[in-house]
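# Examination of the molecular architecture
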Amino acid sequence: MALLGKLAEVRAELDAHRDDPWRKKVEEAVRGENAISTAALLDLLRAPATTGTARRLAVIMRSLNFIPMKSRRLMPGGRAGNTVTRGWARPLRQMKSSPTKANTGAVAPQPGG
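Being a predicted model, the structure only gives us computed values, none of them experimental.

## A few points about the overall build of the protein
- Of regular secondary structure, the protein possesses four helices and three strands.
- In sequence order, the protein lays out its α and β elements as α-α-β-α-α-β-β.
- Looking at the protein residue by residue over its 113 residues, the buried ones come to 20%.
- Long-range pairs, those at least 24 residues apart, make up 51% of the contacts in the protein between residues at least 6 apart in sequence.
- Split by element, the accessible area of the protein, about 9,400 Å² in all, is 54% carbon and sulfur.

Pasting the structure below:
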């Protein structure tokens, strides 16, 4: 029993170290936001705009149920010019996480019988 308890302690400690230190800052930044640009998040984190940092941010944003997008509306003057930026948005529709009854082969009740 002592060995199993020690293994559980070590696992909990490793899981605590595995959490990304950016996650807390990103969660606070996107609270109440429907869309935000990647550049704005990297500025908030004071991180350079590199492929590696964008990928690291992408893992966090996907875990927060945001979806990637390209938009002209996320930059100042974006509607008039040809400035396109990438960012993240919350999905407008509920994402399907499990099959519906129609897809599982369940028989729908017939009207009148």
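Here the narrative resumes.
## Focus on the side chain of T38
- Positionally, T38 belongs in helix α3 (residues 38-45).
- Here T38 falls in the buried class, since its relative accessible area comes to 15%.
- Those residues in contact with T38 that sit more than four places away from it in its chain are L57, R86, G87 and W88.

## Re the pairing of strand β3 (residues 85-89)
- Burial runs high along β3: four of the five residues are buried.
- Relative to β3, strand β2 (residues 67-71) runs antiparallel, the two sharing five bridges. The partner of S71 across the bridge, within β3, is T85.

## Quick notes on the sheet that holds β2
- The three strands lie next to each other as β1-β3-β2, forming an open sheet whose pairing is antiparallel. The two strands at the open ends of the sheet, each matched to only one other strand, are β1 (35-37) and β2. Direction aside, neighbouring strands of the sheet carry axes that sit 35° apart on average.

## A closer look at unusual backbone geometry
- Positive phi, close to 55°, is recorded for R46, a residue that is not glycine.
- Using a relative accessible area of 78% as the deciding quantity, one classes R46 as exposed.

## Focus on the nonpolar core
- Ranked by internal contacts, the top residues of the largest apolar core, which has 15 residues, are V26, V30, L41, L57, M61 and L64.
- For this core, the secondary-structure elements that each account for two or more residues are α2 (22-30), α3 and α4 (51-63).
- Per element, the largest residue contribution to this core is four residues, and it comes from α4.
- Those residues in contact with V30, other than ones at most four positions away along the chain, are I36, L41, M61, L64, F66 and R90.

## Some details on α2
- When α2 is considered as a whole, its buried residues turn out to be W22, V26 and V30. The arc that holds every buried residue of α2, seen down its axis, measures 50°, which confines them to one face.
- Contact partners of the buried residues in α2: β1, α3 and α4.
- Positive backbone phi, approximately 85°, marks G32, located one or two places after α2.

Parameters and conventions
- Residues numbered from 1 in each chain as written.
- Predicted model: local features only at pLDDT ≥ 70, side-chain atom pairs only at ≥ 80, totals over all residues.
- Heavy atoms only, no water.
- Helix = DSSP H or I, 4+ residues; strand = E, 2+ residues; numbered from the N terminus.
- Buried < 20%, exposed > 50% of the residue type's maximum accessible area, 1.4 Å probe, protein only.
- Contact = heavy atoms within 4.5 Å.
- Areas by Shrake-Rupley, 256 points an atom, 1.4 Å probe, with all protein chains shown as cover.
- Pairing = 2+ DSSP bridges.
- Axes fitted to C-alpha atoms, helices over the stretch in contact; angles between N-to-C directions.
- Core = buried A, V, L, I, M, F, W, Y, C linked by side-chain atoms within 4.5 Å.
- Arc of directions from axis to C-beta.

The quantities given are spatial measurements derived from coordinates; they are silent on function.
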